[in-house]
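Reading the structure
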Amino acid sequence: MKSLVIAEKPSVARDIARVLHCSQKGNGTLEGKDYVVTWALGHLVTLADPEEYDKKYTKWELSTLPMMPEKMKLVVIRQTSKQYNAVKTQLYRKDIGEIIIATDAGREGELVARWILAKADCHKPIKRLWISSVTDKAIRDGFAHLKNGHDYDDLYRAAQARAEADWLVGMNGTRALTCKYNAQLSCGRVQTPTLAMIARREQEIRGFKPEDYYGITLQAGNVRWTWRDGKSGSLRTFKKERAQEIQTKAGKSSLTITKVSRKPKKTYAPGLYDLTTLQREANQKYGFSAKETLNIMQRLYENHKVLTYPRTDSRYIGKDVVPTIKERLQACGTGPYRKLAGVLANKPIQTSAGFVDDKKVSDHHAIIPTEQFVQLDHMTNEERKIYDMVVRRFLSVLYPPAVYEQVNMEGTAAGETFAASGRIVKSAGWREVYEGGWQDEEEESGDKLKDQKLPELTEGQILTVEGAALTTGKTKPPARFTEATLLGAMENPIHFMENHDKKAVKTLGETGGLGTVATRADIIEKLFNSFMMEKRGNEIYITSKAKQLLELVPEELKKPELTADWEMKLSDIANGKLRQDKFLTGIREYACEIVNEIKSGQGTFRHDNMTNKKCPNCGKHLLAVNGKNAKMLVCEDRECGYRETVSRATNARCPKCHKRMEMLLKGKEETFVCQCGYKEKLSSFQARRAKEGAGVNKRDVQRYLKKQQKEANEPVNNAFAQALSGIKLD
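The structure reproduced in this document is the subject of the present report. The structure presented is a predicted model; accordingly, all values stated were derived computationally and were not measured. (Residues numbered from 1 in each chain as written. Predicted model: local features only at pLDDT ≥ 70, side-chain atom pairs only at ≥ 80, totals over all residues. Heavy atoms only, no water.)

**Re the overall build of the protein chain**
Counting its secondary structure elements, the protein chain contains 21 helices and 24 strands. What you see for the protein chain is a C-alpha radius of gyration of 30 Å, in line with the 27 Å of a compact globule of 730 residues. Overall size of the protein chain, expressed as C-alpha extent along the three principal axes, is 95 × 70 × 65 Å. The proportion of buried residues among the 730 residues of the protein chain is 50%. If you take every contact in the protein chain between residues at least 6 apart in sequence, the share linking residues at least 24 apart comes to 72%. (Helix = DSSP H or I, 4+ residues; strand = E, 2+ residues; numbered from the N terminus. Rg over C-alpha atoms; globule rule 2.2 N^0.38 Å. Buried < 20%, exposed > 50% of the residue type's maximum accessible area, 1.4 Å probe, protein only. Contact = heavy atoms within 4.5 Å.)

If you want it as structure tokens, here you go:
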């Protein structure tokens, strides 16, 4: 008898097949002596749409809500039905004795395989391959230690409960809002609180009133001394008269050094990366969106096999990984990392509780290099950047701490306290890995003393004040969200909770905030694609549509506590502490409450982005919307689905003001337009760039345009997009 291996994607299936010596190609399979390897394409099976339960749900009407199917049905996804049938054929082969689930080792990966088995009504024995990387070594080790598939039954129940809960709340809430207000509106337990956080930040910015503040600096003994308030310890005051008085008096007196302290200090390397931290830092450093970083990571994991599983929420490795560290160092010790890795590989590996802790490893450990030899020249520029971030972080935690001497000095002038600080580096330690390119976050803060090079001075020494200056500034409002800071807020939304209930705070901390590491990037993309938020530069703004939606949705759906409560209960189901049916009973009651609240709502929705232009397909008005990288006109009727791109953001720089230009796509030829008023046709731009030696040819530009057009035409890939496409409103 043979074993059937079900992988989540073809690329992983090919790797497994190679290790298991399965080279005979079949219909959606690779077969060998003992194993048959097949694959899914992500989800092949999903929950049925409402009309599958009752034909009355075909038409969207408030009177048919709430929709509460007694038992949730599974359906084969039409676009990938061919592969499902190929897998089903293998499941029912008489020579297949057992099923080995080799989908991603996590909640959603478990659901991918179990739904296929459930839809096919297959009850053959199951085993589970649970690995964090897809190197040949990891696959061999995983198959040598296969788990009993039923050990993960509770994980499957949690995944199933999550999917059904999202269907019940999302489908009912979305239909209720859409029918009630005759507009394409949707809600969800993660996207709605995320929007609410952005809206709250905008309120804080609008309500903020800047204040002038003042500081005083003295120049004495080749040191820049900064005034410090004797009571509060602050380096600034809001009283101008007081600051001017101190400046005048201190400038005419001498400064007596009252304190000189020298303390040896250590700083340790930042922790290893989990997905959210990597997405956040990649956005800050390279401007990559969360989705881009995840896609790059996925390629480095699946195709290059040089990094471990990306969708992890842990920043630690287990003790079982420690013996493999030297092998990983040898694998990544090439190119710019050869010397750094070589230093570590030739010594005993020093680990610490700062990055090795079995208790802090969930389904997967932190993102680290694999034992696979690296070929840097096979990577794209973007892949190199992400790989570089992960490797340097991995190397840095293995290096010793940075050691320095912190020198703090205080002095008095005219009865006021002045301070100065500096540091003397004794050993660069882990900072060597970053080749001087590391900057501490606190160094960027405006209310802390900046380190400077200090001469040898002693207590009691009296210095002549060479000059006194008044510094001024204005308090700043909270910064608008970027993708990096929004990811951080989703991971830790405690600041946005209305009541800081200790239990809710603890729950949010344990569950990792809004959404999961695997879903946050998709949620952000969905909010851009559904025109709930837009980008201006790197900053995120919510649209009028989102503001109105937040006025119309039930209050409970806007709170981060809701999703935290769900995740805690789902975690309990996965650990066998809570029954799935008990959780779903509560969800059904909640979905009914949401529908009733929306039905009784008194609000209204108005399209304030409606244009005078008519849709060429259906004749209805077109709405002007800002996509993530383009300005578009979309039909107000979701069923029609017409959209056209008006202009697109580019990386081309204006030759006059050097700002990025937009490309207008109307007319006989595309035209670059800058906000300063400069215009240039595409042909002129190409000629100018070629003359300047930029190396941009027509083929490059056309390839870029085709890629952008393809992205613009891609449908929004979410659970409600297909449902909304069939909307019928009177």
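**A short note on a negative patch on the surface**
Taken together, the side chains of Glu556, Glu589, Glu593 and Glu597 define an acidic patch exposed on the protein surface. Along the chain, Glu556 turns up in the loop between α16 (544-552) and α17 (560-574). (Patch = residues over 30% accessible without salt bridge, like charges linked within 9 Å, V, L, I, M, F, W, Y side chains within 5 Å. Areas by Shrake-Rupley, 256 points an atom, 1.4 Å probe, with all protein chains shown as cover. Salt bridge = Lys/Arg side-chain N within 4 Å of Asp/Glu carboxyl O. Lys, Arg positive; Asp, Glu negative; His and termini not counted. Charge placed at Lys NZ, Arg CZ, Asp CG, Glu CD.)

**Notes on the sheet that holds strand β22 (residues 660-664)**
Taken together, the 7 strands give an open sheet; going across it, the order is β18-β19-β20-β21-β22-β23-β24, and neighbouring strands pair in antiparallel fashion. Since the sheet does not close on itself, it has two edges, and those belong to β18 (610-614) and β24 (679-681), each with one partner. This sheet shows a mean twist of 30 degrees between the axes of neighbouring strands, independent of strand direction. Examined bridge by bridge, strand β21 (residues 643-653) and β22 share 4 bridges and lie antiparallel to one another. Directly across from Ala649, in β22, lies its bridge partner Glu662. (Pairing = 2+ DSSP bridges. Axes fitted to C-alpha atoms, helices over the stretch in contact; angles between N-to-C directions.)

**A short note on the environment of Pro310**
Along the chain, Pro310 turns up in the loop between α9 (290-302) and α10 (325-332). On the basis of relative accessible area, Pro310 is assigned to the buried category, the value being 0%. Residues Pro310 and Val390 lie 80 residues apart in sequence; the distance between their C-alpha atoms is 11 Å. Excluding residues that lie within four positions of it along the chain, Pro310 makes contacts with Leu275, Met297, Gln298, Tyr301 and Ile367.

**Here's the deal with the side chain of Thr135**
Relative to the helices and strands, Thr135 is located in the loop between β8 (126-128) and α4 (136-144). With residues up to four places along the chain from it excluded, the contact list for Thr135 reads Lys305, Thr370, Glu371 and Gln372.

**Things to note about the sheet that holds strand β12 (residues 254-267)**
Taken in spatial order, the 6 strands line up as β10-β11-β14-β13-β12-β15 and close into a barrel, and their pairing is antiparallel. Across this sheet, the average inter-strand angle for adjacent strands is 35 degrees, counted without regard to direction. Summarising the sheet, β12 and strand β13 (residues 402-413) pair through 11 bridges and their orientation is antiparallel. Counterpart to Lys265 in the pairing with β13 is Tyr404. Against the sheet, helix α7 (residues 240-251) engages β10 (212-220), β11 (223-228), β13, β14 (416-427) and β15 (462-474), with an angle of about 160 degrees to β15.

**Overview of the nonpolar core**
The biggest cluster of nonpolar side chains holds 90 residues, and the ones touching the most others in it are Leu91, Ile99, Leu177, Leu486 and Phe583. The greatest single-element share of this core, amounting to 13 residues, is contributed by helix α5 (residues 153-181). Core analysis: the second largest hydrophobic core is formed by 42 residues, Tyr337, Phe355, Val397 and Val433 among them. (Core = buried A, V, L, I, M, F, W, Y, C linked by side-chain atoms within 4.5 Å.)

**As for the pairing of strand β16 (residues 533-536)**
For β16 and strand β17 (residues 539-542), the ladder comprises 4 bridges, and the chain directions are antiparallel. Within β17, the residue paired with Glu534 across the bridge is Tyr541. A loop of 2 residues connects β16 with β17, the two strands running antiparallel in sequence, and Gly537 in this loop sits at a positive phi of about 70 degrees.

**Description of α17**
Between its first and last C-alpha, α17 extends 21 Å over 15 residues, near the 21 Å set by a 1.5 Å rise per residue. Of the positions making up α17, those classed as buried are Pro560, Glu561, Leu562, Thr563, Ala564, Trp566, Glu567, Leu570 and Ile573. The first or second residue beyond α17 is Gly576, which carries a positive phi of 75 degrees. (Expected span 1.5 Å × (residues − 1).)

**Concerning unusual backbone geometry**
Omega for the bond connecting Leu65 with Pro66 falls within 30 degrees of zero, at 0 degrees, which places this linkage in the cis form. The phi angle at His21 is positive, at roughly 60 degrees, despite the residue not being glycine. Summarising the element assignment, His21 is placed in the loop between α1 (10-19) and β2 (24-26). On the basis of relative accessibility, which here comes to 66%, the residue His21 falls in the exposed class. If you check the backbone angles, Phe531 has positive phi at about 60 degrees while not being a glycine.

**A few points about the pattern of salt bridges**
Tallying each qualifying case throughout the model produces 43 salt bridges. With a closest N to O distance of 3.2 Å, Glu302 and Lys9 form a salt bridge. In this pair, Glu302 is assigned in helix α9 and Lys9 in the loop between β1 (2-7) and α1, connecting sequence segments 293 residues apart. With its nearest N and O atoms 3.0 Å apart, the salt bridge here joins Glu491 to Arg280. With Glu491 in helix α13 (residues 483-491) and Arg280 in helix α8 (residues 275-286), this residue pair connects regions lying 211 residues apart in the sequence. Linked through salt bridges whose partners overlap, the residues forming this network are Arg107, Glu108, Arg162, Asp166, Arg189 and Glu567.

**As for the pairing of strand β20 (residues 630-635)**
Working note: regular strand, side chains alternate between the two faces of the sheet. Burial analysis of β20 places 5 of its 6 residues in the buried class, the great majority of the element. Across 5 bridges, β20 lies against β21 in antiparallel orientation. Bridge pairing links Lys631 to Ser647 in β21.

**Here's the deal with the packing of α10 against helix α12 (residues 381-398)**
Direction vectors running N to C along α10 and α12 enclose 135 degrees, while the axes themselves pass 12 Å from each other. Taken together, the axes of α10 and α12 are oblique relative to one another. Here α10 runs over α12; the crossing is left-handed. For the pair α10 and α12, the contacting residues are Ile325, Arg328, Leu329 and Cys332 in the first and Tyr387, Val391, Phe394, Leu395 and Leu398 in the second. When the residues that make up the contact of α10 with α12 are grouped by side-chain class, the tally is 8 nonpolar, no polar and 1 charged. (Parallel < 35°, antiparallel > 145°, perpendicular 65-115°, else oblique. Left-handed = near helix turned anticlockwise from the far one by under 90°. Nonpolar A, V, L, I, M, F, W, Y, C, P; charged D, E, K, R; others polar.)

**Examining helix α18 (residues 580-599)**
In a regular helix each residue adds 1.5 Å, so 20 residues correspond to 28 Å; α18 covers 29 Å between its end C-alpha atoms and thus fits that length. For α18, every residue scored as buried is listed here: Gln580, Phe583, Leu584, Ile587, Tyr590, Ala591, Ile594, Val595 and Ile598. One side of α18 holds all its buried residues, which, seen down the axis, span an arc of 140 degrees. Exposed and oriented more than 90 degrees from the buried face of α18 are Lys582, Glu589 and Glu593. (Arc of directions from axis to C-beta.)

**Comments concerning the state of the cysteines**
Using the criterion set out here, one finds 0 disulfides in the structure. Cys674 takes part in no disulfide bond, and the closest cysteine sulfur, belonging to Cys657, lies 3.4 Å away. For Cys674, a relative accessible area of 5% puts it in the buried group. (Disulfide = S-S within 2.5 Å.)

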